[in-house]
Amino acid sequence: MADEDEVEFITLDYEDGTSEECEVLGVFESGDGEYVALSPETHPEDVYLYVYNETDDGDFYVTEIPDADYDQVSSDFDNLWFADADEDDDFDAEDSE
């Protein structure tokens, strides 16, 4: 993946022939797998979750999360994402004191 300061994007190509640019928010672990959180440019308040698959040359591609795993992956992402947001809020509160 890219340097931490560099914003990385991926293009999702859909079966109907359309595509969508998404910012890579991050890669995280859930259970035995790795997953990626994406934010579409057209709807930045949305988050898409996919299985993260890294190739031998360092690139990656995504695949859909099996239905049986989605609830757990989504819950793990929420716990990580909102824990980070809470830490940022705590840091901002300390800065303003």
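Let me sum up the structure you'll find in this document. Values in this document were obtained by computation on a predicted structure and should not be read as measured data.

## Some words on the packing of aromatic side chains
All chains considered together, the criterion is met by four aromatic pairs. With 5.5 Å between their ring centres and 45 degrees between their planes, Phe28 and Phe77 make a pair best called tilted. Here Phe28, found in strand E2 (residues 19-30), pairs with Phe77, found in helix H1 (residues 67-95); they are 49 residues apart in sequence, far enough to count as distant. Classification of Phe28 by relative accessible area gives buried; the value is 8%. Seen from their ring centres, Phe77 and Trp81 are 5.5 Å apart, and the 25 degrees between their planes marks the pair as stacked. Within this pair, Phe77 and its partner Trp81 are both found in helix H1, separated by four residues, close to a single helical turn. Joined through ring pairs, the aromatic side chains of Phe28, Tyr35, Phe77 and Trp81 make up one cluster.

## With respect to the pairing of strand E4 (residues 48-54)
Buried residues dominate E4, accounting for five of its seven residues. Strand direction decides the pairing type here: strand E3 (residues 33-40) and E4, joined by four bridges, are antiparallel. Among the inter-strand pairings, Leu38 is bridged to a residue of E4, identified as Tyr48. Pairing analysis gives four bridges linking E4 to strand E5 (residues 60-63), with the strands arranged antiparallel. Opposite Glu54, over in E5, you have Phe60 as the bridge partner. The turn linking E4 back onto E5 is made up of five residues, and Gly58 within it adopts a positive phi angle of 95 degrees.

The rules behind these values
Residues numbered from 1 in each chain as written. Predicted model: local features only at pLDDT ≥ 70, side-chain atom pairs only at ≥ 80, totals over all residues. Heavy atoms only, no water. Phe/Tyr/Trp six-rings, centres within 6.5 Å; stacked < 30°, edge-to-face > 60°. Helix = DSSP H or I, 4+ residues; strand = E, 2+ residues; numbered from the N terminus. Buried < 20%, exposed > 50% of the residue type's maximum accessible area, 1.4 Å probe, protein only. Pairing = 2+ DSSP bridges.

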